[in-house]
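# Structural overview for review
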Amino acid sequence: MRDRRASKEYFDRYIREHEERIARYEARIAELEQGGEIWEGLRWGVRTDRLGIIRVRYSRGDDLVKLRPAAVEAVSAFIGHLGGMDYGDYAEVVSLAALFGAGADIANAMAREMSAAGALDRLTGTILASAGSTVAPPLGRVEWQYFNPELFEALEAGPGPQAIGLVKRYVARWPRMNVYAGWTGSHGDLEHTVYTGYWCFEAAALVRGMGLADAFRSIRSTNFQADLACFQPLG
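Nothing here was measured: the structure is a model prediction, and the numbers come from that model.

## A word on the overall build of the protein
- Helix and strand content of the protein: eleven helices and zero strands.
- Listing every helix and strand of the protein by position from the N terminus yields α-α-α-α-α-α-α-α-α-α-α.
- Projected onto the principal axes, the alpha-carbon positions of the protein cover approximately 55 × 40 × 40 Å.
- For the protein, the residues scored as buried account for 47% of the 235 residues in total.

Structure, rendered in C-alpha cells:
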C-alpha cells in the first residue's frame, strides 16, 4: 500500500466497479457503431476510467513493472485528445507517460499534438523529452506559470540543490493549491468510489526529467511518488 488514506478493500472495490462500468461503456459503443453512430462521450468515459484505475493500482501498491503495460495503454489512449484538455489534466497524462517509460513514439506523438495546439510549454516539453520526445517547446513558453512557479524556476535553475529545493517547496504547497479541486476531500467519502489517491505526478516527472537524483531522498511527502520518479522500466 502506497496510500494509507483508504483500505485495500476500497481500492479493490474501485477497480472492480470501474472495470464493470468500462465493460458497459464498451458494449454500448459497439452497439452504436453497428448503427453507424459515434458517441465520443462514452469513449472519453472509458479513457478517464482507465486512467483512474492506474492511479488506484498505484495507490494500492501494485508492482510498477506489472502496472506499466496498462499505464502505457491508458495514457496512449489520450493521443488525439490532448489539445482539448485542461493544462492540469494533460500535464498528468504526459507525466505518467514519462514516469512509466511510454517510449519515444508515444512521447513524440503527444508533443507534436500539444505543439500544434499551442499547449506545449517548457515543463511538459521537458517531461516528454525525458521519455524520448525530440519536439522542442517554444523558448520561454510557460503555460501554467502562475500555478506552479516553483517548477519553472527549477527549470531555470538547472539540475542541483536549488532545483531540488524548489520542487520540494512545490510539493509542500501542492495540497493547498488544489484545495478547491473537485477531488479534494474525496478520501472522506469512500462509500462512493471517487477517491484515487492524491499524487503530484508533474513534480515526480520533472525530478526524473531533470535527473535530480538527490530529490528522491530529500522530498518526503505522502503526495510525492519517489519510487515512480526513479523507476527504470525495461524494454
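From this point, the narrative continues.
## Structural notes on the packing of aromatic side chains
- Using the criterion set out here, one finds eleven aromatic pairs in the structure.
- Ring plane angle 85° and centroid distance 5.0 Å describe the contact between Tyr58 and Trp199, whose orientation is recorded as edge-to-face. Here Tyr58 is found in helix H2 (residues 40–60), whereas its partner Trp199 is found in the loop between helix H8 (161–177) and helix H9 (201–210), with 141 residues between them in sequence. Of the two residues examined, Tyr58 and Trp199, each falls in the buried class.
- Taking 5.6 Å as the distance between ring centres and 20° as the angle between the ring planes, the aromatic pair formed by Trp174 and Trp183 counts as stacked.
- Using a relative accessible area of 35% as the deciding quantity, one classes Trp183 as partly exposed.
- Through a chain of ring-to-ring contacts, the aromatic side chains of Tyr10, Phe11, Tyr14, Trp174, Trp183, Tyr195 and Tyr198 assemble into a single cluster.
- The ring of Tyr58 has Arg2 lying over it, and the distance from NZ or CZ to the ring centre is 4.4 Å.

## Regarding the pattern of salt bridges
- Considering all chains together, one arrives at 15 salt bridges under this definition.
- Residue Arg57 is joined to Asp62 by a salt bridge in which the shortest nitrogen-to-oxygen separation is 2.8 Å.
- Residue Arg57 is classed as buried on the basis of its relative accessible area of 19%.
- On the basis of relative accessible area, Asp62 is assigned to the buried category, the value being 13%.
- The residue Arg60 makes a salt bridge to Asp62 at a minimum N-O spacing of 2.8 Å.
- Given the relative accessible area of 21%, Arg60 is considered partly exposed.
- The network of salt bridges with common partners includes Lys8, Asp12, Arg57, Arg60 and Asp62.

## As for the state of the cysteines
- By the definition in use, this model includes zero disulfides.
- Here Cys230 stays unpaired: no disulfide links it, and the sulfur of Cys200, its closest cysteine neighbor, is 16 Å away.
- Residue Cys230 is classed as partly exposed on the basis of its relative accessible area of 36%.

## Points about the environment of Ala204
- Its place among the elements puts Ala204 in helix H9.
- Sequence-wise, Ala204 and Phe216 are twelve residues apart; in three dimensions their C-alpha atoms are separated by 9.1 Å.
- With near-sequence residues (within four places) excluded, Ala204 lies in contact with Leu99, Phe224, Gln225 and Ala229.

## Describing the nonpolar core
- Phe100, Met110 and Val167 are the most contacted members of the largest nonpolar core, which totals 75 residues.
- Among the elements that line this core, the one with the most residues is helix H4 (residues 87–99), at nine residues.
- Filtering out sequence-adjacent residues up to four positions away, Phe100 remains in contact with Ile54, Leu64, Leu67, Arg68, Ala71, Val72, Leu228, Phe231 and Pro233.

What counts and what doesn't
Residues numbered from 1 in each chain as written. Predicted model: local features only at pLDDT ≥ 70, side-chain atom pairs only at ≥ 80, totals over all residues. Heavy atoms only, no water. Helix = DSSP H or I, 4+ residues; strand = E, 2+ residues; numbered from the N terminus. Buried < 20%, exposed > 50% of the residue type's maximum accessible area, 1.4 Å probe, protein only. Phe/Tyr/Trp six-rings, centres within 6.5 Å; stacked < 30°, edge-to-face > 60°. Lys NZ or Arg CZ within 6 Å of the ring centre and 35° of its normal. Salt bridge = Lys/Arg side-chain N within 4 Å of Asp/Glu carboxyl O. Disulfide = S-S within 2.5 Å. Contact = heavy atoms within 4.5 Å. Core = buried A, V, L, I, M, F, W, Y, C linked by side-chain atoms within 4.5 Å.

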